[in-house]
Amino acid sequence: MAITSFPFDSQAVTESQYSALFREFQDSGVVAAYDTPGFLVSAGNGMAVNVQPGLAILRGHMVQSTATEILTVPAAGTNTRVDRVVLRLDPASNSITLAVKAGSAGSSTLPALSQTDTGIYEMALASVTVAANVTTITSADVSATRPVVGNRVGVWATATRPPSPRKGQLGFNNTLARWEWWDGSTWTDLAPTISWASLTGKPASFPPAAHAHKWDEINEKPSVFPVAEHRHHWDNVYAKPDTFPPSSHSHWWDQISGKPGSFPPSGHSHGEYLTSGSTISWANGSKMPHNNSASGSGTWYAVWVEGDGTFCRNTSSIRYKEHVRDIEIDPAAVLALRPRLYDRKPTKDKPQSRKDEYGLIAEEVAETLPEIVTYDEEGRIDALRYDLLGVALLPVVQDQAKRIERLEALVEELVRDA
């Protein structure tokens, strides 16, 4: 007959038929959790290994061990070999037994397993490396290779995957810590990790669809919104005043139109300031030479004009000063000053520009040496205290003197050493 079916009542079922039936329900392997010791092989005493109790299925047949079994590993030779500890199904003797299958001397290749469909069927539990001339098997020599089954969805290591899987067979690979399945040619990760870089067919950009957000859903919004620059028509402004008194302001002389061509002086006197000749009253805090010569004997003062128009003398005595303290002037700030050549702008009184004057530009000096810059009544940079420039130069001279002194000492030392 071309069609065979089994098992049925009053029908003889052969061992081969039962084995074929049961193999559809379960693969060959140790019936246990992956991390439990069923049929686990470990080093024993001398040239022996221990096999833990366990339950296993081989080609539809079951074997059970209830005590630790001790297997003797064949004696070592002069070359290293790799043996296998196997469970061996022998249908002819109706038994499944433990055995050590010796490898080839001088080879790291594992001995081949016999896995026939109806004859001898072997399942590897461990590999044992037997070094040359050893008399003891150590734990480092034993590597577990047992396949583990708990149900049809198997658990295995990479080295103990089912040898003849069917397409779609599923199991957990304990070596790779992943679920995998047989796609007909290779074991494939059931749930591979997908990164954005490995994702194919993704768009280059994602334009947002039309949508709306509630105000409460917007984060990092400002607490206040400054008014943007805009305009209003005069008619749209309400509560505006009827008149606008001018605020305090000033005009440049050139901006004033309709001014007279000359200004006759009003009645006034100078008695409060002048005494006789061309001297300034001492009561005003000043003395003024009555000629243009500052030579000869006597006491002389530098005269200054303050912003309010009054005169004063420049004094340097300690009796006019208090809170005297040192000031740190950076020599580099002084050396950064740039002497400049320039022309004076013409004025109404002096329409001809004065050419080729030289000096410093106050705005440039303010960047590095603001201590000698003065300002007008409106807070604008106006002039320089050239009399203080010499004081500012003292740190430069002192710094250079120290440098010269150090250089002279260095030259003298070099001359002595020569």
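This report concerns the structure included in the present document.

Calculation notes
Residues numbered from 1 in each chain as written. Predicted model: local features only at pLDDT ≥ 70, side-chain atom pairs only at ≥ 80, totals over all residues. Heavy atoms only, no water. Helix = DSSP H or I, 4+ residues; strand = E, 2+ residues; numbered from the N terminus. Buried < 20%, exposed > 50% of the residue type's maximum accessible area, 1.4 Å probe, protein only. Lys, Arg positive; Asp, Glu negative; His and termini not counted. Salt bridge = Lys/Arg side-chain N within 4 Å of Asp/Glu carboxyl O. Contact = heavy atoms within 4.5 Å. Pairing = 2+ DSSP bridges. Axes fitted to C-alpha atoms, helices over the stretch in contact; angles between N-to-C directions. Patch = residues over 30% accessible without salt bridge, like charges linked within 9 Å, V, L, I, M, F, W, Y side chains within 5 Å. Areas by Shrake-Rupley, 256 points an atom, 1.4 Å probe, with all protein chains shown as cover. Core = buried A, V, L, I, M, F, W, Y, C linked by side-chain atoms within 4.5 Å. Phe/Tyr/Trp six-rings, centres within 6.5 Å; stacked < 30°, edge-to-face > 60°. Lys NZ or Arg CZ within 6 Å of the ring centre and 35° of its normal.

**Structural notes on unusual backbone geometry**
Among all residues except glycine, the phi angle is most often negative; among peptide bonds, the trans geometry is most common.
Next up, step 1: F6 connects to P7 through a cis peptide bond whose omega is -10°.
Next up, step 2: One can find P7 in the segment before α1 (15-23).
Next up, step 3: In this structure, S10 is a non-glycine residue whose phi angle is positive, near 60°.
Next up, step 4: On the basis of relative accessibility, which here comes to 88%, the residue S10 falls in the exposed class.

**What about the side chain of D141?**
Next up, step 1: In this fold, D141 is placed in the loop between β9 (121-130) and β10 (142-144).
Next up, step 2: Buried charge D141 goes without a salt bridge, the closest partner of opposite sign being R81 at 11 Å.
Next up, step 3: When residues no more than four places from it in sequence are discounted, the contact partners of D141 are S127, V128, T129 and T136.

**Looking at the sheet that holds strand β3 (residues 48-51)**
Next up, step 1: The strand order across the open sheet built from 3 strands is β2-β3-β6, with neighbouring strands paired in antiparallel fashion. Of all the strands in the sheet, just β2 (41-43) and β6 (69-72) have a single pairing partner and so form its edges. Each strand of the sheet is rotated relative to its neighbour by a mean of 30°, with strand direction disregarded.
Next up, step 2: Bridging between β2 and β3 involves 3 bridges; their strand directions are antiparallel. For V41, the partnering residue across the bridge sits in β3 and is V51.

**Focus: a nonpolar patch on the surface**
Next up, step 1: Residues I194, W196, L199 and F206 make up a contiguous nonpolar surface patch of about 470 Å² in total accessible area.
Next up, step 2: Turning to its location among the elements, F206 is positioned in the loop between β15 (187-189) and β16 (302-305).
Next up, step 3: For F206, a relative accessible area of 56% gives the class exposed.

**Focus: the nonpolar core**
Next up, step 1: F39, V41, V49, L58, L87, L125 and I137 are the most contacted members of the largest nonpolar core, which has 23 residues in total.
Next up, step 2: Mapped onto this core, the elements with two or more residues apiece are β3, β4 (54-58), β7 (81-90) and β9.
Next up, step 3: Ranked by the residues each element gives to this core, the list is headed by β9, at 6 residues.
Next up, step 4: Residues V365, I372, L384 and V396 belong to the second largest nonpolar core, which totals 13 residues.

**Points about the packing of aromatic side chains**
Next up, step 1: The full count for this structure, using the stated rule, is 9 aromatic pairs.
Next up, step 2: An aromatic cluster of three or more residues is present, and its members are Y18, F22 and F25.
Next up, step 3: A cation over an aromatic ring shows up here: K202 above the ring of W196, its NZ or CZ 5.5 Å from the ring centre.

**Some words on the pattern of salt bridges**
Next up, step 1: Under the definition given, this model contains 14 salt bridges.
Next up, step 2: Among the ionic pairs, D117 bridges to R23, the shortest N-O distance being 2.7 Å. With D117 in the loop between β8 (95-101) and β9 and R23 in helix α1, this pair connects stretches of sequence that are 94 residues apart.
Next up, step 3: R23 sits in the partly exposed class, given a relative accessible area of 24%.
Next up, step 4: For K101, the salt bridge goes to E122, with nearest N and O atoms at 2.6 Å. Placement of K101 in strand β8 and of E122 in strand β9 is noted, with a sequence separation of 21 residues between them. Exposure class is identical for K101 and E122. Each is buried.
Next up, step 5: Shared partners join several salt bridges into a network, and the residues in it are R88, K101 and E122.

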